[in-house]
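Secondary and tertiary structure notes
Below are the chains, spelled out letter by letter.
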Amino acid sequence: MTKFFDIDAANHALEEVAPLLATLADQRAELIRLRDRTLAAHASATGGGPDLEPEEAQRIRLRMQGIVDQMAAAVARIDALGITLRDIERGLIDFPALASGRQVWLCWELGEDHVGYWHELDTGFGSRRPLADLS
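Reading the values: rules and limits
Residues numbered from 1 in each chain as written. Predicted model: local features only at pLDDT ≥ 70, side-chain atom pairs only at ≥ 80, totals over all residues. Heavy atoms only, no water. Helix = DSSP H or I, 4+ residues; strand = E, 2+ residues; numbered from the N terminus. Rg over C-alpha atoms; globule rule 2.2 N^0.38 Å. Contact = heavy atoms within 4.5 Å. Areas by Shrake-Rupley, 256 points an atom, 1.4 Å probe, with all protein chains shown as cover. Polar contact = N/O pair within 3.5 Å; in protein donor to acceptor, adjacent residues only side chain to side chain. Phe/Tyr/Trp six-rings, centres within 6.5 Å; stacked < 30°, edge-to-face > 60°. Buried < 20%, exposed > 50% of the residue type's maximum accessible area, 1.4 Å probe, protein only. Lys NZ or Arg CZ within 6 Å of the ring centre and 35° of its normal. Salt bridge = Lys/Arg side-chain N within 4 Å of Asp/Glu carboxyl O. Pairing = 2+ DSSP bridges.

1. Describing the overall build of the protein
If you tally the helices and strands in the protein, you get 2 helices and 5 strands. Reading the protein from its N terminus to its C terminus gives the helix and strand order α-α-β-β-β-β-β. For 135 residues, the compact-globule formula gives about 14 Å, and the C-alpha radius of gyration of the protein, at 20 Å, lies well above that figure. Across its three principal axes, the protein shows a C-alpha extent of roughly 65 × 25 × 25 Å. For the protein, restricting intrachain contacts to residue pairs at least 6 apart in sequence, the fraction spanning at least 24 positions comes to 45%. Looking at the protein as shown, the accessible area adds up to about 8000 Å², and 54% of this sits on carbon and sulfur atoms.

2. A few points about the side chain of Glu109
Note on placement: Glu109 falls in strand S3 (residues 102-109). Side-chain polar atoms of Glu109 contact the side chain of Arg90, separated by 2.9 Å.

3. Focus: the packing of aromatic side chains
Counting across every chain of the model gives 1 aromatic pair. Both rings, one in Phe5 and one in Phe95, keep their centres 5.0 Å apart while their planes meet at 70°; by these two values the pair is edge-to-face. With a gap of 90 residues between them, Phe5 in the segment before helix H1 (7-46) and Phe95 in strand S2 (residues 92-99) connect regions that are remote in the sequence. For the pair Phe5 and Phe95, a shared accessibility class is recorded, and that class is buried. Here the guanidinium or amino end of Arg86 rests over the ring plane of Trp105, the centre of that ring lying 4.6 Å away. The ring of Tyr117 is capped by Arg128, whose NZ or CZ atom sits 3.9 Å from the centre of that ring.

4. Some thoughts on the pattern of salt bridges
Under the definition given, this model contains 11 salt bridges. Residues Arg33 and Glu30 are paired through a salt bridge, measuring 3.0 Å at the closest nitrogen-oxygen approach. Taken together, the residues Arg33 and Glu30, both in helix H1 and 3 residues apart, mark about one turn of the helix. The class of Arg33 is partly exposed, set by a relative accessible area of 43%. The salt bridge involving Arg128 is made with Glu112; its shortest N-O contact spans 2.4 Å. Of the two residues, Arg128 sits in the loop between strand S4 (117-120) and strand S5 (129-130) while Glu112 sits in the loop between S3 and S4, which places them 16 residues apart along the sequence.

5. A few points about the pairing of strand S1 (residues 84-87)
Bridge analysis of S1 against S2 gives 3 bridges, and the strand direction is antiparallel. Within S2, the position partnered with Leu85 by the bridge is Ile93. Between S1 and S2, which pair antiparallel and follow one another directly, the connecting turn spans 4 residues, one of which, Gly91, has a positive phi of 65°.

6. Topic: the sheet that holds S5
One open sheet accounts for 5 strands, arranged S1-S2-S3-S4-S5; its pairing is antiparallel. Because the sheet does not close on itself, it has two edges, and the strands there are S1 and S5. The pairing of S4 with S5 spans 2 bridges and is antiparallel. Paired with Tyr117 across the bridge in S5 is Pro130.

Function cannot be inferred from these measures alone, as they are strictly geometric.
Take a look at the structure:
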């Protein structure tokens, strides 16, 4: 059964979720950096250049797995709260809500002070409107 948020509940949930989203965005960037480092070393090695030392490659693989595990735990926590994660890089989430008996999404993006937008179920971020338009 879907949990529905009102505006106050969504804003209250941000106290826990906003730091998780900020961390997820940072972890995503770190994971990409480590992946790119590994790919660059591999490309260099196949072209005759230096490769990563086995110990360094293992350390990077373990670090990447640790990041993936931490990210999975954060995503699971967000999901357990009944919030839909739309974009890790942007920290974009939707809260299921009811407005005049119909389901909508309350929309929030990392960096915003509070939940101030909504959109229909079949639209996305580009169609979001201010809460004042919600009737």
